[in-house]
Amino acid sequence: MNNSIKKEWLARPGANILAGIVVSLALIPEVIAFSVIAGVDPMVGLYASFVIALTIAFTGGRPAMISAAAGAIALLVFSLVRDHGVNYLFAATILMGVIQIVLSLLKVGRLMKYIPNTVMIGFVDSLAILIFHSQQQHIFGLSWETYLFTAVTILIVYFVPKFFTRIPAPLIAVVLLTTASMMTGADVRTVGDLGDIKRTLPHFFVPDVPFNMETLRIILPYSLSMAVVGLIESLLTARIVDETLDSDSDKNREAGGQGIANVISGFFGGIGGCAMIGQSVMNLKSGGTSRLSSLTAGIFLMFMIMVLGDFLVQIPMAILAGIMVVVAFSTFEFKTFRFMKRAPKADVLVILVTIILVLLTHNLAAGVIVGSVLNLLLKRKEVTL
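From a predicted model like this one, the values you see are computed outputs, not experimental measurements.

Chemist: Would you explain the overall build of the protein in this entry?
Modeler: Helix and strand counts for the protein stand at 17 helices and two strands. The long-range fraction of contacts in the protein, counting pairs at least 24 apart against all pairs at least 6 apart in sequence, stands at 87%. For the protein, the distance from the average site of its 27 positive side-chain charges to the average site of its 22 negative ones is 10 Å.

In C-alpha cells form, the structure reads like this:
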C-alpha cells in the first residue's frame, strides 16, 4: 500500500505540481467555451472542472489523467438547458454519474479490448485536428499582436524544453507574455473577454426539480448519452496515457471514479465532464505522472479564480491558443501516413471513417463506435472470404 501511494502521489512532486498549474491555465478558456456551447453561465463549467478534477484525483483509475467539463458533454445538453433550465442539467449530471457507477460495477472497462488499434489511430489523429481547429478563432483575423504572441508562444513551448526543463515551458510563456501584454497594452483578446468570472466558491445544493417520473423521462435520455460518451472518451484517454507512461490502469475503477465525480459535480452546480485528452497530453508533456498533477490542476483552477482573478482575466488567448497548437501537433501521429501506405485497405478505411465522422460530428464517441463496428464487419467479411 505504501509503495502504491508513493508511486501514485509522491513521485516527482515538484514536476507534478508545476504540470498541474500549466493544465489549469489551459482549462479555463476551454471550459468557458464549453459552457457557452451548453448555454450555461461560465461558472457552471468552472465549478464542474474544479470538482471533477479534485474528485477524480482520488477516485480515478488512471493517475496523471485530467478530467473536467468537456466539449463532448456540452454539445449533448444544449437543448435540455434551453427547454427546461439549468436545474434539469444538474439533475441529469447526477443521474449521469449514477449510470456510470452502475456500468463500472458491470465491468464496462472490459469493452476496451474490443476497440482496435486502427480506431485508436483515427481517434487520436481526429482529436489532434479538432484541438487545432478549435484554436483558430483565437488566432486568425484579430490583430498583428495576436499573431506575434501566438508565434512567440509556440517558439517558447517548442524550444525551451531542449535547454531548460525545471519549469514547464507553457508556464514560462504564460507568465512572461502576459506580463508583456499588460505592460504594453497589446491589442489581444484575453480570458476575461470570454465571460464573467465570479470570485465565489461552489456550494452544495439539491437541484430544484420535481422528484417524479416526468423529470426522469426528461433527463434520462440526456443522462444516458452523457454517461456513454463520457466513459468512451475517458477510457480511450486512459489507454493513451497508459501507452505514454508504459503502465496499466484500472479501467473499471476509472469508470466508477468518473461517475462519483459527476454525481458530486451535479450537487455543486456543475455540468457533467470526462477525461480531456488534450489537457491530459499537456499534463504528460509538462512532466505530470501522478495523481498530484490532477489534484493540483483542480486546486489551482479555483485558486486562480479566487485569488489571482485580476491576473487571470488578462492572460491573452493567443498564448493559450499557441500552447494548444503545440499540443495538437504533438498529439497527431504523423506515422499514420506511412502506416496507411502499407496497411490493408480495410484498416485504411476504418481509420478514414473514424477521422471523417469525428470531424463532421465533433463527437469522438460516435467515431469510435462506428469505426469499431465497421472494423468488426470488415474482419468478419475477410474470414468469410
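Chemist: Just to check I follow, could you spell out the packing of helix α9 (residues 213–245) against helix α11 (residues 277–285) for this structure?
Modeler: When two helices pack together, you describe them by how their axes are tilted relative to each other and by the distance separating the axes. Where α9 meets α11, the closest approach of the two axes is 10 Å, and the angle between their N-to-C directions is 15°. Classified by the angle their axes make, α9 and α11 are roughly parallel. Two packed elements cross with a definite hand, and for α9 against α11 that hand is right-handed. Residue-level inspection shows Thr237, Ile240, Val241, Thr244 and Leu245 of α9 in contact with α11, the latter providing Ile277, Ser280 and Leu284.

Chemist: Would you take a moment to explain the pattern of salt bridges for this structure?
Modeler: In this structure the tally under the stated criterion is six salt bridges. For Asp83, the salt bridge goes to Arg82, with nearest N and O atoms at 2.9 Å. With a relative accessible area of 53%, Arg82 lands in the exposed category. Linking Asp242 and Lys251 is a salt bridge whose minimum nitrogen-to-oxygen distance equals 2.6 Å.

Chemist: How should I be thinking about helix α2 (residues 13–38) in this particular structure?
Modeler: Count 3.6 residues to each turn of an α-helix, and residues three or four apart come out pointing the same way. An ideal rise of 1.5 Å per residue puts 38 Å on 26 residues; α2 measures up with 36 Å between its terminal C-alpha atoms. Along its length, α2 reaches its greatest deviation from straightness, about 30°, at Leu27, and the proline Pro29 lies no more than four positions downstream. Gly39 lies just past α2 and shows a positive phi near 80°.

Chemist: Explain the packing of aromatic side chains to me, please; I cannot follow it from the model alone.
Modeler: Counted by the stated rule, this structure contains 11 aromatic pairs. Ring geometry for Phe90 and Phe205: centres 5.6 Å apart, planes at 80°, overall edge-to-face. Remark: Phe205 occurs in the loop between α8 (169–184) and α9 and Phe90 occurs in helix α5 (residues 86–105); sequence separation between them is 115 residues. Through a chain of ring-to-ring contacts, the aromatic side chains of Phe132, Phe329, Phe332, Phe334 and Phe337 assemble into a single cluster. A cation sits over an aromatic face here: Lys162 above Tyr158, 4.8 Å from the ring centre.

Chemist: Honestly, the UniProt feature "domain: SLC26A/SulP transporter" (unreviewed entry) in the protein in this entry has me stumped. Any pointers?
Modeler: The residues that UniProt annotates with the feature "domain: SLC26A/SulP transporter" (unreviewed entry) are residues 16–143 and 144–354. Between the C-alpha atoms that bound residues 16–143 there is a distance of 35 Å. The span itself is 73% helix and 2% strand.

Chemist: Teacher, can you tell me more about the packing of helix α3 (residues 42–59) against helix α12 (residues 291–306) here?
Modeler: Two numbers describe how α3 lies on α12: the axes approach to 8 Å, and their chain directions differ by 150°. Considering the angle they form, α3 stands roughly antiparallel to α12. In this structure, α3 meets α12 at a crossing whose hand is left-handed. Of the residues in α12, those touching α3 at Met43, Leu46, Tyr47, Ser49, Phe50, Ala53, Leu54, Ile56, Ala57 and Phe58 are Arg291, Ser294, Leu295, Gly298, Ile299, Leu301, Met302 and Ile305. Here the residues of the contact of α3 with α12 sort into 14 nonpolar, three polar and one charged.

Chemist: Whenever I open this one, unusual backbone geometry confuses me. Can you help?
Modeler: When glycine is set aside, most residues are seen to have a negative phi, and most peptide bonds are trans. One non-glycine residue, Arg12, lies in the positive phi region at around 45°. Among the secondary structure elements, Arg12 is positioned in the loop between α1 (2–10) and α2. Phi is positive for Lys107, close to 65°, though the residue is something other than glycine. Considering the arrangement of structural elements, one finds Lys107 in the loop between α5 and α6 (117–135). By relative accessible area, which is 39% here, Lys107 ends up partly exposed.

Chemist: I tried to follow the side chain of Ser293 on my own but got confused; where do I start?
Modeler: When you line up the elements, Ser293 lands in helix α12. Residue classification places Ser293 among the buried positions, given a relative accessible area of 0%. Among the polar contacts listed, one links the side chain of Ser293 to the side chain of Asn283, at a separation of 3.0 Å. Contacts of Ser293, omitting those with residues within four sequence positions, involve Asn16, Gly20, Ala64, Ile66, Asn283 and Gly288.

Chemist: What is the right way to look at the environment of Leu312 in this model?
Modeler: Following the sequence through the fold, Leu312 ends up in helix α13 (residues 309–312). Those residues within four positions of Leu312 in sequence are excluded, and the remaining contacts are Ile28, Val191, Ile197, Met304 and Ile305.

Chemist: Can you help me understand the side chain of Thr150 in this one?
Modeler: Tracing the backbone shows Thr150 in helix α7 (residues 144–159). Within polar-contact distance, the side chain of Thr150 engages the backbone oxygen of Thr146 at 2.8 Å. Contacts of Thr150, omitting those with residues within four sequence positions, involve Ile139, Ala318 and Gly322.

Cut-off values and rules
- Residues numbered from 1 in each chain as written.
- Predicted model: local features only at pLDDT ≥ 70, side-chain atom pairs only at ≥ 80, totals over all residues.
- Heavy atoms only, no water.
- Helix = DSSP H or I, 4+ residues; strand = E, 2+ residues; numbered from the N terminus.
- Contact = heavy atoms within 4.5 Å.
- Lys, Arg positive; Asp, Glu negative; His and termini not counted.
- Charge placed at Lys NZ, Arg CZ, Asp CG, Glu CD.
- Axes fitted to C-alpha atoms, helices over the stretch in contact; angles between N-to-C directions.
- Parallel < 35°, antiparallel > 145°, perpendicular 65-115°, else oblique.
- Left-handed = near helix turned anticlockwise from the far one by under 90°.
- Salt bridge = Lys/Arg side-chain N within 4 Å of Asp/Glu carboxyl O.
- Buried < 20%, exposed > 50% of the residue type's maximum accessible area, 1.4 Å probe, protein only.
- Expected span 1.5 Å × (residues − 1).
- Bend = angle between axes of the 7 residues up to and from the residue.
- Phe/Tyr/Trp six-rings, centres within 6.5 Å; stacked < 30°, edge-to-face > 60°.
- Lys NZ or Arg CZ within 6 Å of the ring centre and 35° of its normal.
- UniProt positions renumbered as here; feature names shortened; annotations may be inferred.
- Nonpolar A, V, L, I, M, F, W, Y, C, P; charged D, E, K, R; others polar.
- Polar contact = N/O pair within 3.5 Å; in protein donor to acceptor, adjacent residues only side chain to side chain.

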